[in-house]
Amino acid sequence: MSEQAAVTILGAGLAGSLMAILLAKRGIPVRMLERRPDLRKQQLSAGRSINLALADSPGGLAGEEALVAAQGMRYTHIPVPFDAPEDRHFAAFRQAFESDAEPVHVHCIMNYRVSAFFYRYNRDARSMDEAAARALMARQWEPETDAQKDAPVWAQFIARGEH
């Protein structure tokens, strides 16, 4: 039997690693090339989490702060009442979001708060074109056209800001 040439796989991400395992199980020699350093030897930050929901929101995660901390992440809670978002909530979000360059996960219950906050952030802090910022928000929610009872409050919230 002739010696089989090794298959070279570029990238040790999920797909590359899985392909390498499947080929190796069939007896095919595999050589993997990865441009990133070995993640097992790197000092990585787990990131941080910003929660915009109220602590007692239906569908919220009980003990979220402790669960996030157990994963090695920092947790910031900015409780934004769904029926009363204020500019001070946005200012707290912006301060927390811009506090460092670590990866950040921003969330709430339905991500309506998140989409509205990022609309204002993209428009005002990042000087993104208003139409582009609105298109990103519209992937999740459009408060001006939503029939949800608190949508008008959010339409007013996103209309405010630096423009």
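Colleague: Before we move on, can you summarise the pattern of salt bridges with the specific residues and values?
Modeller: A side chain with one charge may pair with a side chain of the opposite charge, provided their charged atoms come close. For the structure shown, the criterion picks out eleven salt bridges. Here Asp124 and Arg123 are joined by a salt bridge, their closest N and O atoms 2.6 Å apart. One exposure class covers both Asp124 and Arg123, and it is buried. A salt bridge links Glu144 to Arg134; its shortest N-O distance comes to 2.9 Å. Here Glu144 is found in the loop between helix 5 (130-138) and helix 6 (151-159), whereas its partner Arg134 is found in helix 5, with ten residues between them in sequence. Judged by its relative accessible area of 42%, Glu144 falls in the partly exposed class. Arg134 gets classed as partly exposed once you look at its relative accessible area, which sits at 26%. By sharing partners, the salt bridges in this structure join Arg48, Arg74, Asp100 and Glu102 into a single network.

Colleague: Help me get a handle on unusual backbone geometry, residues and values and all.
Modeller: The backbone of Asn111 sits at a positive phi, close to 65°, despite the residue not being glycine. Of note, Asn111 is situated in the loop between strand 5 (104-107) and helix 4 (112-125). Accessibility expressed as a relative area gives 28% for Asn111, which makes it partly exposed. Notably, Ser127 is not glycine yet its phi reads approximately 55°, a positive angle.

Colleague: So what's going on with the pairing of strand 2 (residues 30-33)? Residues and values would help.
Modeller: Looking at chain direction, strand 1 (residues 7-10) and strand 2 are connected through four bridges and run parallel. Bridge pairing links Val7 to Val30 in strand 2. Crossover strand 1 to strand 2 through helix 1 (residues 14-25) is right-handed.

Colleague: Quick rundown of the sheet that holds strand 4 (residues 74-77)? Include the residues and the values.
Modeller: Overall, parallel pairing links the three strands, which are arranged 4-3-5 in an open sheet. Each edge of the sheet is formed by a strand with only one pairing partner; in this case those strands are strand 4 and strand 5. For this sheet, the mean angle separating the axes of adjacent strands, direction not counted, is 15°. The pairing of strand 3 (residues 48-51) with strand 5 spans four bridges and is parallel. Its bridge partner being in strand 5, Asn51 is matched across the sheet by His107.

How each quantity is defined
Residues numbered from 1 in each chain as written. Predicted model: local features only at pLDDT ≥ 70, side-chain atom pairs only at ≥ 80, totals over all residues. Heavy atoms only, no water. Salt bridge = Lys/Arg side-chain N within 4 Å of Asp/Glu carboxyl O. Buried < 20%, exposed > 50% of the residue type's maximum accessible area, 1.4 Å probe, protein only. Helix = DSSP H or I, 4+ residues; strand = E, 2+ residues; numbered from the N terminus. Pairing = 2+ DSSP bridges. Right-handed = clockwise from strand over helix to strand, strands pointing away. Axes fitted to C-alpha atoms, helices over the stretch in contact; angles between N-to-C directions.

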